[in-house]
Amino acid sequence: MKLYGLSYTSRAQKVLIAAQYVGVDINVEEFHPRLQSEEALAEYKKKNPNGLIPTLETPEGYLYESNAILRYLGRYNDKANIYGKNDFERALIDQYLDWGVLTFEPVFLPVYFVSLGYVPYVKESFENDLEALKKCLRILDNRLKQSKYLAGESLSIADISIVSYLAFLFRFIFDEKFLKIIFENLSW
């Protein structure tokens, strides 16, 4: 299989980690839509009409949207058991995949963009964004007090997805001072 995208992004990383976990070989074609010629982008849009990344080329066809790709990989090898062992676990996994995109990512991205200098620092906005991020981290913390992983006692694609966001925070943003502020009153 082939993944079109940027291998260092959280969305590509979660796909690559899940693929490795289920034993699927994926070759990455480093691809940035904004850096393509009009012809190359038009050709790529035959694979993904949104023109966004990542896109997975499978034997059956193309898949886009990183969480859809994760679900595909999660079902690829039942023995790996990363898409839950029953309907309730799969629902929890879907819940945290959706939560990651709809709740966590919208508070993660403003902190990420300001911290890396992509958008200007505005103290009040940044402090509000940090509070929203801390609230999300508390939600994760509280969930992980109930079970070893987000959907129970086994690693799932939900954990892989959330960790892909957290890895960026730890790699590029969180220094010791920042960690003290963020993880105040968290148990992990």
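Everything below is about the structure shown above.
Presented here is a report on the structure given in the accompanying data block.

### Considerations on the overall build of the protein
Line of reasoning, step 1. Of the regular secondary structure elements, the protein holds seven helices and four strands.
Line of reasoning, step 2. Listing each helix as α and each strand as β along the protein from the N terminus yields β-α-β-α-β-β-α-α-α-α-α.
Line of reasoning, step 3. Relative to the globule expectation of 16 Å for 188 residues, the C-alpha radius of gyration of the protein, 18 Å, shows essentially globular dimensions.
Line of reasoning, step 4. Dimensions along the principal axes, computed over C-alpha positions, put the protein at roughly 50 × 45 × 25 Å.
Line of reasoning, step 5. Per-residue burial for the protein yields a buried fraction of 43% across its 188 residues.
Line of reasoning, step 6. As displayed, the protein has an accessible area near 10,700 Å², and 52% of this comes from carbon and sulfur atoms.
Line of reasoning, step 7. Computed over 22 positive and 25 negative side-chain charges, the inter-centroid distance for the protein is 3 Å.

### Let's talk about the pairing of strand β2 (residues 27-30)
Strand residues, when the strand is regular, have side chains that alternate between the two faces of the sheet.
Line of reasoning, step 1. Judged from the four bridges that link them, strand β1 (residues 2-5) and β2 form a sheet pairing that is parallel. Bridge pairing links L3 to V28 in β2.
Line of reasoning, step 2. Of the crossover connections in this fold, the one passing from β1 over helix α1 (residues 10-22) to the parallel β2 is right-handed.

### Details of unusual backbone geometry
Line of reasoning, step 1. Here the residue pair I53 and P54 is connected by a cis peptide bond, since its omega of 5° sits within 30 degrees of zero.
Line of reasoning, step 2. One non-glycine residue, E65, adopts positive backbone phi at about 80°.
Line of reasoning, step 3. Looking at where E65 falls in the secondary structure, it is placed in the loop between β4 (62-64) and α3 (66-76).
Line of reasoning, step 4. A residue is classified by how much of its surface remains accessible, and E65, at 48% relative accessible area, is partly exposed.
Line of reasoning, step 5. One non-glycine residue, N81, lies in positive phi territory at about 55°.

### Quick look at the sheet that holds β2
Line of reasoning, step 1. The four strands are arranged β2-β1-β3-β4 in an open sheet whose pairing can be described as mixed. Each edge of the open sheet is held by one strand with a lone partner, namely β2 and β4. For this sheet, the mean angle separating the axes of adjacent strands, direction not counted, is 20°.
Line of reasoning, step 2. Where α3 meets the sheet, its contacts fall on β3 (55-57) and β4, and the angle it forms with β4 comes to roughly 125°.

### Here we look at empty space enclosed by the protein
Line of reasoning, step 1. For the structure shown, the criterion picks out one cavity of 30 Å³ or more.
Line of reasoning, step 2. For the largest cavity, the calculated volume is near 40 Å³.

Each value, and the rule that gives it
Residues numbered from 1 in each chain as written. Predicted model: local features only at pLDDT ≥ 70, side-chain atom pairs only at ≥ 80, totals over all residues. Heavy atoms only, no water. Helix = DSSP H or I, 4+ residues; strand = E, 2+ residues; numbered from the N terminus. Rg over C-alpha atoms; globule rule 2.2 N^0.38 Å. Buried < 20%, exposed > 50% of the residue type's maximum accessible area, 1.4 Å probe, protein only. Areas by Shrake-Rupley, 256 points an atom, 1.4 Å probe, with all protein chains shown as cover. Lys, Arg positive; Asp, Glu negative; His and termini not counted. Charge placed at Lys NZ, Arg CZ, Asp CG, Glu CD. Pairing = 2+ DSSP bridges. Right-handed = clockwise from strand over helix to strand, strands pointing away. Axes fitted to C-alpha atoms, helices over the stretch in contact; angles between N-to-C directions. Contact = heavy atoms within 4.5 Å. 1 Å grid on protein atoms, 1.4 Å probe; cavity = no way out; pocket = protein on both sides within 12 Å on 5 of 7 lines; lining within 4 Å. Points joined across faces, edges and corners; volume = space filled by probe spheres on them.

None of this, on its own, says anything about what the molecule does.
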